[in-house]
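Architecture at a glance
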Amino acid sequence: MTSSASLPPGPPSDGDGYLARLNPEQRAAIETTEGPLLVLAGAGTGKTRVLTTRFAHILLTERARPWQILAVTFTNKAASEMRERVSALLGQAAEGHWLGTFHALCARMLRRHAEHAGLTSSFSILDTDDQLRLLKQVMQPWNVDLKRWPAPGLLGVIQRWKDRGLTPERITPADDTDFADGKARQIYQAYQARLLELNACDFGDLMLHVTEILRNRPDVLEQYHRSFRYILVDEYQDTNTIQYLWLRLLARRTDGPANICCVGDDDQSIYSWRGAEVENILRFEKDFPGAKIVRLERNYRSTAQILGAAAGLIAHNDSRLGKTLRPGHDDAQGGPVEINGVGDSEIEARSVCDEIDALRRSGHKLGEVAILVRAGFQTRAFEERMVQTGIPYRIVGGLRFYERSEIRDALAYMRVMVQPSDDLAFERIVNVPRRGVGPAALQKIRAESRNLMTGLAGATEAMLASGALRGKMADQLSELMGAFAKGRATLAQEGHVVAVNTLLEDAGYLAMWKLDTSPEAPGRLENLKELVRALADFGTLREFLDHVALVMENEGNDEGGRVSVMTLHGAKGLEFDTVFLPGWEEGVFPSQRTLDEGGLKGLEEERRLAYVGLTRARYRAVIFHADRRRIFANWQDALPSRFIEEIPDEYAVRKNQSPRRIPQEDYSGFFSDSVFSAPRRTSAPPRTASRSNVVSFSTVRRTREQENAPEIGSRVRHAKFGEGIVVSADSGAAEVAFDSGDTRRVIPSFLEKL
Ligand code: ATP
Ligand code: MG
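All of the points below concern the structure found in this document. Here the structure is a predicted model, which means the values were calculated and not measured.

**Examining the overall build of the protein**
Check the secondary structure of the protein and you find 28 helices and 23 strands. With 754 residues in all, the protein has 53% of them scored as buried. Relative to all contacts within the protein whose residues are 6 or more apart in sequence, the contacts with residues 24 or more apart total 76%. Working note: accessible area of the protein is about 32,000 Å², and carbon and sulfur atoms make up 50% of it.

In structure tokens, the structure reads:
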């Protein structure tokens, strides 16, 4: 398994050596340097490569100097990869140019023109916590019912306005909301004014201010028109309105053609929840008259089998432009996509890590291996297993599980519960959620703790008893101390899992996140559930806390690289030799939340995410699904993701790895909706070795299906493929000759007997 096909090309050996390494369509995309150009093409077709080579080509042919090219990527990781690729092409470090994410580029611009936004160039950028604190202050005089309209929700509203390029002045009645009884717009205005007073801006302001400046100051805009001769944009399908406005302003030069080149793939649009509008791609030709559109069809990244699987999957989406993808290189080294059913989520983590260990032993670089998950909470099981087995890993684009702020908060609660004198932990959570404990109150508690020579928690108790703390703050602190006391009692009586759960509930910590309507909040709650789940693996809370301390220490050695663990969203644009895709189960992936909130559109976006996942792999894509997943402290049965069935059989090998672990009686009546009424066998049929090529659903499901195998020759209806006749039926799969002319292998439980 070599990765020669994927190595970045070296420095050009001759005048246009770098062009010789491209196919004719790619070359056309690079040589069309003047005028607007859209490269619309599927995954792995070399869009990013076109963009980087174009960057180098413009420099090498002396069309522009480095600082005259504006290149936008979606993530910092993508920016640094592009920088590396350009440097490799040029044979020297790429310096001095405008290459980065939208936010990084805007921060740089805003520092230059801060005065036009009412700031000075030393303005500070607030993080989410600061933003929230500030917004809450601003909201105070407005008498908003915070239970009904919590501050994080309003922050979300403001952020969405900013994503759409709407300053408070630009909000029309049609954009307005009844959030906070219709006061949202005015609070937004007050919040912006307060930010200016503080000489600060939030993340969304970086783009908003710069775009406003470009809109209102023709002199500044012209300056950029003169300096940016060429604009390059990667992942164009995921730009939101403000990013689009910003690009359009910069690209529509008055002194020459709009030399803007955007590359994108509508099938990889996965950020609509952040306001991305795939329509931006569709109206490119309108925005930039005379635009050329180049399509690339050869995929140089993945084997034909992986491509076939990904194409078969994405074909289930209705709203797409539709593109052809052909394998660009010989794929003798790669096999079909592997789909493994395992008994439960713990076996899943173990299996993935065993596979990685085997790869490592056979000399594969771990830097070429990735585990891509749908949701952040899934990483914990893999992290712990890798720590145990000494596999170096890194969490890309996010914090390691135990470093996330909600997890650290929860750990701090646990620490105070087991050791009231843990002052660091106490300080972290005493005002989370807010209990009105400001710096002055904390100062008093600290002084009392020195006086009494006790910890902060002890001092607080004493001050509450003596009446030294009063008012609402005192009430809330009493509740907190009560929650700790109850937690300790529960710990002794009912064990640590219940105790931690009670503590987080009673202290109002879980409620804080439940009330939070920001987009991150559900993920944080999932992480907290996962944390409580993890507790169950340890005998005592102390053991667990010690274990966490050890996990946090994991540094591993870097030789051969580290396994990348990240979300599917974070993996966009990247590639690896081997990609593990765990948790392909209904409810996890597609995510239940997206299905509930987004309906069919949401499902299509999840499917695009699955497509992104599969197409990250060069040679090997390994999907896992578990029959049972432990969510919170409970085991929940899981069904394989519908995406698994959507992968065409010819590109997949399906294995069920685990022995059945669930007693059959657990499932009596579980599939009572079965449509076949063939007589039941009393015992499960023997498991045969020829399983591997058979459509696999969960073990339990398959057994039941075998019991109820459709009769050969019977007439059936499939929800998707219509009516047909069963031509063969074996363990878990039936071959049906459909009236449409297609013969397909399908899962019997999806068939209705006619
Ligand atoms: P994505 O949609 O996932 O962002 P992409 O279209 O940007 O993918 P690239 O990452 O640019 O695709 O290219 C995929 C892989 O194919 C890279 O390893 C790249 O170096 C390689 N590649 C691109 N074009 C060619 C070519 N003409 N010959 C050989 N390899 C190529
Ligand atoms: Mg790319």
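Now that the structure has been shown, the text picks up again.
**Concerning the site of ligand 1**
What surrounds ligand 1 is a group of 22 residues, the closest being K47, T48, R49, E575 and R616. G46 places a main-chain nitrogen or oxygen 3.0 Å from an oxygen atom of ligand 1. Contact between ligand 1 and R616: an oxygen atom at 2.7 Å from a side-chain N or O atom of the residue. Surface burial for ligand 1 is 93%, taken as the share of its 630 Å² of free accessible area covered by protein chains. The leading source of residues in the shell around ligand 1 is helix α3 (residues 47-60), at 3 residues. Among the residues making up the shell around ligand 1, the classes are represented as 4 nonpolar, 10 polar and 8 charged. Residue-level mapping places the shell around ligand 1 at the junction of two domains, with at least three residues from each of domain 1 (24-110 + 208-296) and domain 3 (305-392 + 562-657).

**What to know about the pattern of salt bridges**
Tallied over the entire structure, the rule returns 41 salt bridges. Between D506 and K486 there is a salt bridge, with the nearest N and O atoms lying 2.8 Å from each other. Placement of the pair is D506 in helix α22 (residues 496-506) and K486 in helix α21 (residues 471-494), with a sequence separation of 20 residues. Note that R618 is salt-bridged to E575, the shortest N-O span being 3.2 Å. Here E575 lies in the loop between β14 (563-567) and β15 (576-581) and R618 lies in strand β16 (residues 617-631), a separation of 43 residues in the sequence. Residues participating in the shared-partner salt-bridge network are R301, E368, E575, D577 and R618.

**Brief notes about α22**
If you check which residues of α22 are buried, you get H496, A499, V500, T502, L503 and L504. One or two positions beyond α22, positive phi appears at G508, with a value near 80 degrees.

**Some details on the packing of helix α17 (residues 405-418) against helix α24 (residues 521-535)**
α24 packs onto α17 with a crossing angle of 45 degrees between their chain directions and a minimal axis gap of 9 Å. The pairing of α17 with α24 is recorded here as oblique in orientation. The hand of the α17/α24 crossing is right-handed. Here S405, E406, I407, A410, L411 and M414 of α17 lie close against α24, whose contacting residues are R524, N527, L528, L531 and L535. Split by residue class, the contact of α17 with α24 holds 7 nonpolar, 2 polar and 2 charged.

**Some thoughts on the environment of T254**
Mapped onto the elements, T254 comes out in the loop between α11 (241-251) and β7 (260-264). For T254, a relative accessible area of 72% puts it in the exposed group. With 28 residues separating them in the primary sequence, T254 and R226 have C-alpha atoms 9.2 Å apart.

**Considerations on the packing of aromatic side chains**
All told, the structure shown has 15 aromatic pairs when counted by the stated rule. Look at Y224 and F228: their rings are 5.4 Å apart centre to centre, the planes differ by 25 degrees, and that puts the pair in the stacked class. Under the relative-accessibility criterion, F228 is labelled buried at 2%. Members of the aromatic cluster, each reached through a chain of ring pairs, are Y413, F484, Y509 and W513. In this structure, R108 is placed above the aromatic ring of W98, and the distance from its NZ or CZ to the ring centre is 3.7 Å. If you follow R628 out to its NZ or CZ, it ends over the ring of W635, 4.5 Å from the centre.

**With respect to the sheet that holds β7**
Taken together, 6 strands build an open sheet; the order of strands is β3-β2-β6-β7-β1-β8 and the sheet is parallel. What marks the edges here is a single partner per strand, and that holds for β3 (98-101) and β8 (292-296). With strand direction ignored, the average angle separating the axes of adjacent strands in the sheet is 15 degrees. Relative to β3, strand β2 (residues 69-73) runs parallel, the two sharing 4 bridges. Counted as the bridge partner of L70 is W98 from β3. Sheet strands in contact with helix α2 (residues 24-31) are β1 (37-41) and β8, and its direction is about 150 degrees off that of β8. Where helix α5 (residues 102-113) meets the sheet, it contacts β2, β3 and β6 (230-233), and its direction lies at approximately 120 degrees from that of β3.

**Focus: the pairing of strand β12 (residues 369-373)**
With 5 of 5 residues buried, β12 is to be regarded as a mostly interior element. Covered by surrounding structure in β12 are V369, I371 and V373 together with A370 and L372, the residues of both alternating faces. Here β12 pairs with β14 via 4 bridges, running parallel. Paired with I371 across the bridge in β14 is V565.

**Some words on the nonpolar core**
Core analysis: the biggest nonpolar cluster contains 67 residues, and W246 and L250 have the highest contact counts within it. Sorting elements by how many residues they give to this core places α11 first, with 7 residues. Setting aside anything within four residues of it in sequence, one finds W246 in contact with L70, V72, F102, L105, C106, M109, M207, V210, T211 and L214. Formed by 51 residues, the second largest nonpolar core is a distinct cluster that contains F426, A483, F484 and W513.

**Digging into unusual backbone geometry**
In this structure, the amide linkage connecting V432 to the following residue, P433, adopts the cis form with an omega of 0 degrees. Mapped onto the elements of the fold, P433 is located in the loop between α18 (423-429) and α19 (439-452). Of note in this structure, E62 is not a glycine but carries a positive phi near 55 degrees. Inspection of the secondary structure assignment puts E62 in the loop between α3 and β2.

**Looking at helix α10 (residues 218-227)**
Those residues of α10 that sit buried are V220, L221, Y224 and H225. Relative to the axis of α10, the buried residues are bounded by an arc of 140 degrees and lie together on one face. Turning to α10, the residues buried within the fold contact α5, α9 (203-216) and α11.

**Concerning the environment of R160**
When you line up the elements, R160 lands in helix α7 (residues 151-163). Along the primary structure R160 and W273 are separated by 113 residues, whereas in three dimensions their C-alpha atoms are 9.9 Å apart.

**Overview of the side chain of T45**
Take T45: it is sitting in the loop between β1 and α3. Those residues within four positions of T45 in sequence are excluded, and the remaining contacts are Q26, L296, E297, R298, N299, Y300 and L325.

**Focus: the side chain of E604**
Within the fold, E604 resides in helix α26 (residues 592-614). Here E604 is buried and forms no salt bridge, its nearest opposite-charge partner R608 lying at an N-O distance of 4.6 Å. At 2.7 Å, the side chain of E604 and the backbone nitrogen of D318 are in polar contact.

Basis of the calculations
- Residues numbered from 1 in each chain as written.
- Chains lettered and ligands numbered in written order.
- Predicted model: local features only at pLDDT ≥ 70, side-chain atom pairs only at ≥ 80, totals over all residues.
- Heavy atoms only, no water.
- Helix = DSSP H or I, 4+ residues; strand = E, 2+ residues; numbered from the N terminus.
- Buried < 20%, exposed > 50% of the residue type's maximum accessible area, 1.4 Å probe, protein only.
- Contact = heavy atoms within 4.5 Å.
- Areas by Shrake-Rupley, 256 points an atom, 1.4 Å probe, with all protein chains shown as cover.
- Near = heavy atom within 4 Å.
- Polar contact = N/O pair within 3.5 Å; in protein donor to acceptor, adjacent residues only side chain to side chain.
- Nonpolar A, V, L, I, M, F, W, Y, C, P; charged D, E, K, R; others polar.
- Domains from an automatic or database assignment.
- Salt bridge = Lys/Arg side-chain N within 4 Å of Asp/Glu carboxyl O.
- Axes fitted to C-alpha atoms, helices over the stretch in contact; angles between N-to-C directions.
- Parallel < 35°, antiparallel > 145°, perpendicular 65-115°, else oblique.
- Left-handed = near helix turned anticlockwise from the far one by under 90°.
- Phe/Tyr/Trp six-rings, centres within 6.5 Å; stacked < 30°, edge-to-face > 60°.
- Lys NZ or Arg CZ within 6 Å of the ring centre and 35° of its normal.
- Pairing = 2+ DSSP bridges.
- Core = buried A, V, L, I, M, F, W, Y, C linked by side-chain atoms within 4.5 Å.
- Arc of directions from axis to C-beta.
- Lys, Arg positive; Asp, Glu negative; His and termini not counted.

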